[in-house]
Amino acid sequence: MRPKRFRYLIFFLLVILVFGAMFGQLATLQFIDSASYAEALTSKSTRTISVTGKRGTIYDRNMTVLAYDRESYNIQFYRDPDRRKAADRAAYTQTIKKVIEIVEGNGNSTVNDFWLARDEQGNWQWNTGGTSEYVINKRMEQWRANFYLSNETKYPVDVLFDTLCTNYSIDPTWDEDLKIKILSIWQTSRMSAYLSTPVTIAFDVSSETVAEIESDSTLEGISISIGYERVYPQGTAACHIIGYVSRISSSSALEDYIEKGYSSDSLVGMSGIEASMEDQLTASISYRRGQKIVEVDNMGKVLRTLSYTEPVDGSDVILTIDIDLQRVMDEALRDQIKEINNEQVLLMNDRWRRYNADTLKQYRENGTEIKLAETGAMVAIDPNTGEVLAMSSYPNFDLSLFSGVISSADWNEIISQPNNPLYNRAVSARDTPGSIFKMCTSLGALMEGVLTLTETISDEGYFTLTDQTNPPKCWISEANRYRHANQTIVEALKNSCNFFFYTIGYRLGIANLNKWAAQLGLTSRTGIELNSETTSFVGNQDKLYDTSRDINSQYTSKPIFAYYTIIRKLRSIGEDRGIAYDEERLAKTAKALMDIAGDTTISKDDWPRHIRNTLMDMLGLPSGYISSNFLANEFYYYIQDLRWTANETIMAAIGQSITQVTPVAVARYVAAVANGGTVYDIQLVDKIVSSTGSLVLDKTPVVVNQITGADQYLAAIRQGMQEVADINEDGTAGTQFANFKYTVGAKTGTAERTDLDVENNAWLVVYASAANPRIVVVTYIQNGYAGSHAANAPKKVIAAYLDSLAIKENAKFQSDNSFIE
């Protein structure tokens, strides 16, 4: 029995030991390791990630791709907002450094637009990339706030870099370039800190980079995202029309985009169709964004996707332009400008320099350079619809440089060029039109009854009805003046006789001249789907000097010149009298003096009295002082150019004075003449198609105005334009179109800019064919010498377009009339 009991006892003790061990382990699990297990459980969390689709594609009228999105891999950095200790920042910095090394080792690059840079003396200065003082100051303020360095006394700009290096545990021994790259990434993160979302720190990286990043489990907060890069396959062709996308750079704009659902690193249209059609093209707006909910570990790595909502791609935009014709136009404009420039250089020989000796002397004394042809624009439209067929601005730029993310070097090279290649002169350049305005004057005079189709007017030399001291005259020499005798409206247009148009402009008056310019679409926006269009205007009192506008908001430079001339004189008066007038008082007095000229109810005879009263009331000048110093006469002289006169009216009638027009507005105006009086909106967008293929918008021609009762007048004007291009009629562009394969209607325009003829603007408007207008081409070359010298470019465009139309129409005819035997 004893041995048996002993065995039971041992078994019982063993059971106790086993259960004791089990309970001990359970206790350890429950009490001792509870914290570590809780940490492991909470290290897994969910995150909602916004997903963006593709930006819409831009096509030409033949469905040739002009801009599209391609898939790319981006690297993102997410800083856990709960990890704010110095040790956390140090760990993140080490991760960022390692990512930079991986990315650069595979030939890619990380974001690198740090807002501090050394100047030539090696001192740190702000480099925020802002375009105005307000924007620069707002960025500096936000930057300091986000880095917790707002105290400018404690943290002046020269200590900011070293302070950041300390705060973010950047090793002092590291290369300064590496430090800047690391801080650029921290800057990207900090400037988006309030969003608590990942930020992209490297775009369009290689598959090798992706593999290295994904295989390294130590890269805390780093992840790979699939995004899209914009691609521009057409190079320089249509660069101003297409435009480009870029990251959001303005703080105020970023706030607006964020409200719409964009992320801080979204690409948005900055110019051209990319900008004007942003709402249609974008996939970043909230109602098109998708999302996925993922589970991530404590390193920020995605473990699995819990749910996914597919994004909606942006809509496609189909334009009216033909990219093949666009290339012809781009090349033709470039070659034309170079050709004219070469002619100008040859023209400026010794004889020319002797003739212009006085003007050239003034140029030398003032340090003024002679301006020759270097810039210009062309526009081609269908006169029967208003559709843009091609549109060029020169100089242009290589749009393919903007594919992906343009490098700082490429961007700086573009913006540093003196003639601003990003500027779209076709819609934004406003300049004096010269004689291409004469069709407007012609129609106005005929419609208002101050001229008939049969009336003849001869060039009598000087036109003295508006100015007997310095009367204007026609451009033709006295020896050849007989050629401008007994002209009807047809001959006057063919000859471009200024005397004729002085006469009918004088009869018509400036109000009617403005009326008919408006009727022809010259004084309103054309409706073209580009954000950068400038509105043309025809001269009148309000455009010469508008009393309701601020001095710096006037239409021309004349009020600004008068203002500062008056300010200088008022200061000298104060110095003479020992009085220091404050700037506000001077400004108000100068404005009051100028308003005398702008008030058309005050006759010029009353100006001296009003000037005297203004000086007495606003500056306290004694009447005797004003009289003894002839101040009324002097200020009368300063403001006299701010009052519209009959002489300004006749100059406006020939396209001079202060009238300013854009090439695209001129295209609409000439189209209305060519098509018989229908003024269309200019149309660049043909269709918008959703990502599912449904038609969002199918644009049709928009008629802005229909000029009625003018058929016979417009026919006479077109006859005059046809004779301009007829060598048998000795037209002003007859030689240039002598052997051209198509009959055209045309008008040359040579607008004076200075006393040097080589600096004249060159305009040439052409429609073809004369009997059946299918295309209108406007050519504008600043400082292009003479309108007739700009004929080669439009001839190339017209021939290319009409030839292609003939081929297409012949092919259609053959197809329609084919039969199967």
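Residues numbered from 1 in each chain as written. Predicted model: local features only at pLDDT ≥ 70, side-chain atom pairs only at ≥ 80, totals over all residues. Heavy atoms only, no water.

Colleague: How should I be thinking about the overall build of the protein in this particular structure?
Modeller: Check the secondary structure of the protein and you find 30 helices and 21 strands. With the C-alpha coordinates of the protein rotated into their principal frame, the extents come out at 155 × 105 × 50 Å. Looking at the protein as a whole, 50% of its 821 residues qualify as buried. Expressed as a percentage of contacts within the protein between residues at least 6 apart in sequence, the contacts between residues at least 24 apart total 72%. Each charge sign in the protein was given a centre, from 78 positive and 100 negative side chains, and these centres are 5 Å apart. (Helix = DSSP H or I, 4+ residues; strand = E, 2+ residues; numbered from the N terminus. Buried < 20%, exposed > 50% of the residue type's maximum accessible area, 1.4 Å probe, protein only. Contact = heavy atoms within 4.5 Å. Lys, Arg positive; Asp, Glu negative; His and termini not counted. Charge placed at Lys NZ, Arg CZ, Asp CG, Glu CD.)

Colleague: Help me out: how do you make sense of the state of the cysteines in this one?
Modeller: In a disulfide, the sulfur atoms of two cysteines are held together by a covalent bond. Within this structure, the stated rule accounts for 0 disulfides. Sulfur of Cys440: no disulfide; nearest cysteine sulfur belongs to Cys497 and is 18 Å away. Of all cysteine sulfurs, the one in Cys497 lies closest to Cys474, which takes part in no disulfide; the gap is 4.2 Å. Since its relative accessible area comes to 3%, Cys474 is described here as buried. (Disulfide = S-S within 2.5 Å.)

Colleague: Which parts of the structure should I look at to understand the sheet that holds strand S19 (residues 744-751)?
Modeller: Consider a sheet: its strands pair through backbone hydrogen bonds, and that pairing is either parallel or antiparallel. Strands sit in the order S14-S13-S21-S20-S19 across an open sheet of 5 strands; the sheet is antiparallel. Every other strand in the sheet has two partners, leaving strand S14 (388-394) and S19 as the edge strands with one partner each. Each strand of the sheet is rotated relative to its neighbour by a mean of 5°, with strand direction disregarded. Inspection of the sheet shows strand S13 (residues 375-381) paired to strand S21 (residues 775-782) by 7 bridges, in the antiparallel sense. From the neighbouring strand, Met378 faces S21, where its bridge partner is Thr779. (Pairing = 2+ DSSP bridges. Axes fitted to C-alpha atoms, helices over the stretch in contact; angles between N-to-C directions.)

Colleague: Quick question: what am I supposed to make of the sheet that holds strand S10 (residues 290-296) here?
Modeller: The sheet built from 3 strands is open, its strands ordered S1-S10-S11 with antiparallel pairing. This sheet does not close on itself; its edge strands, each paired only once, are strand S1 (45-51) and strand S11 (302-309). Averaged over all neighbouring strand pairs, the angle between strand axes comes to 25°, with direction disregarded. In terms of strand pairing, S1 meets S10 through 7 bridges, oriented antiparallel.

Colleague: Explanation requested: the side chain of Ser393 in the structure shown.
Modeller: Take Ser393: it is sitting in strand S14. Classification of Ser393 as buried rests on a relative accessible area of 5%. Here the side chain of Ser393 touches Tyr423 through a polar contact of 3.1 Å, landing on its backbone oxygen. Engagement of the side chain of Ser393 in a polar contact is seen with the backbone nitrogen of Arg425, the distance being 2.9 Å. Non-local contacts of Ser393, meaning those with residues more than four positions away in its chain, are made with His240, Leu333, Gly376, Ala377, Tyr423, Asn424, Arg425 and Ala426. (Polar contact = N/O pair within 3.5 Å; in protein donor to acceptor, adjacent residues only side chain to side chain.)

Colleague: Where do I start with the environment of Ser628 in this structure?
Modeller: The topology assignment puts Ser628 in helix H25 (residues 623-628). Taking the C-alpha atoms as reference points, Ser628 and Val268, separated by 360 residues in sequence, lie 64 Å from one another. A polar contact of 3.4 Å, which involves the side chain of Ser628, links it to the side chain of Asn629.

Colleague: Help me understand the packing of helix H17 (residues 438-447) against helix H29 (residues 711-724), please; the structure alone is not making it clear to me.
Modeller: For any two helices packed against each other, the geometry comes down to the angle between their axes and how far apart the axes lie. Where H17 meets H29, the closest approach of the two axes is 10 Å, and the angle between their N-to-C directions is 150°. Between H17 and H29, the crossing angle belongs to the class labelled roughly antiparallel. At the point where H17 passes H29, the crossing takes the right-handed sense. The segment H17 lies against H29, with Met439, Ser442, Leu443, Leu446 and Met447 engaging Tyr713, Leu714, Ile717 and Met721. (Parallel < 35°, antiparallel > 145°, perpendicular 65-115°, else oblique. Left-handed = near helix turned anticlockwise from the far one by under 90°.)

Colleague: Looking at this model, I keep getting lost on unusual backbone geometry. Mind explaining?
Modeller: One can expect most non-glycine residues to show negative phi and most peptide bonds to be in trans. The omega torsion of the bond from Tyr394 to Pro395 falls at 5°, within 30 degrees of zero and hence cis. By the secondary structure assignment, Pro395 is in the loop between S14 and helix H15 (408-415). Geometrically, the link from Ala768 to Ser769 is a cis peptide bond, its omega value of -10° lying close to zero. Here Ser769 lies in the loop between strand S20 (761-768) and S21. The phi dihedral of Ala238 is positive, around 60°, even though this residue is not glycine. Assignment of secondary structure puts Ala238 in the loop between strand S7 (222-231) and helix H8 (239-242). The phi dihedral of Ser496 is positive, around 55°, even though this residue is not glycine. With relative accessibility at 5%, the residue Ser496 sits in the buried group.

Colleague: What's the story with the pattern of salt bridges in this structure? I'm lost.
Modeller: Inspection of every chain in the model, using the stated rule, returns 32 salt bridges. With its nearest N and O atoms 3.2 Å apart, the salt bridge here joins Arg304 to Glu295. In this structure, the salt-bridge partner of Asp730 is Arg483, at a minimum N-O distance of 3.9 Å. Taken as a pair, Asp730 in the loop between H29 and S19 and Arg483 in the loop between H17 and helix H18 (489-495) lie far apart in primary sequence, 247 residues in all. (Salt bridge = Lys/Arg side-chain N within 4 Å of Asp/Glu carboxyl O.)

Colleague: Even after reading the chapter, I still don't get H17, so can you show me in this structure?
Modeller: Each α-helix winds once per 3.6 residues, and so residues spaced three or four apart point in a common direction. Judged by how many residues are buried, H17 sits mostly within the fold: 9 of 10 residues are covered. Every buried residue of H17 is listed here: Lys438, Met439, Cys440, Thr441, Ser442, Leu443, Gly444, Ala445 and Leu446. With its phi angle positive at about 80°, Gly449 sits one or two positions after the end of H17.

Colleague: Would you explain the side chain of Asn514 in this entry?
Modeller: Looking at the secondary structure, you find Asn514 in helix H20 (residues 510-519). Once residues within four sequence positions are removed from consideration, Asn514 is found in contact with Val538, Gly539 and Asn540.

Colleague: Looking at this structure, I do not really get the environment of Gly107. What am I missing?
Modeller: Within the element layout of this structure, Gly107 appears in the loop between helix H3 (86-105) and strand S4 (116-118). Under the relative-accessibility criterion, Gly107 is labelled exposed at 66%. Sequence separation between Gly107 and Glu208 is 101 residues; the distance between their C-alpha atoms is 9.8 Å.

Colleague: Any chance you could explain the packing of H3 against helix H6 (residues 176-190) here in plain terms?
Modeller: Relative orientation of the contacting elements H3 and H6 amounts to 115°, with a least axis distance of 10 Å. By the angle class used here, H3 and H6 are roughly perpendicular. The handedness of the crossing between H3 and H6 is right-handed. Packed against H3, whose contacting residues are Arg89, Tyr92, Thr93, Ile96, Lys97, Ile100 and Glu104, the element H6 presents Leu178, Lys181, Ile182, Ile185 and Trp186 at the interface. Tallied by class, residues from the contact of H3 with H6 come to 7 nonpolar, 1 polar and 4 charged. (Nonpolar A, V, L, I, M, F, W, Y, C, P; charged D, E, K, R; others polar.)

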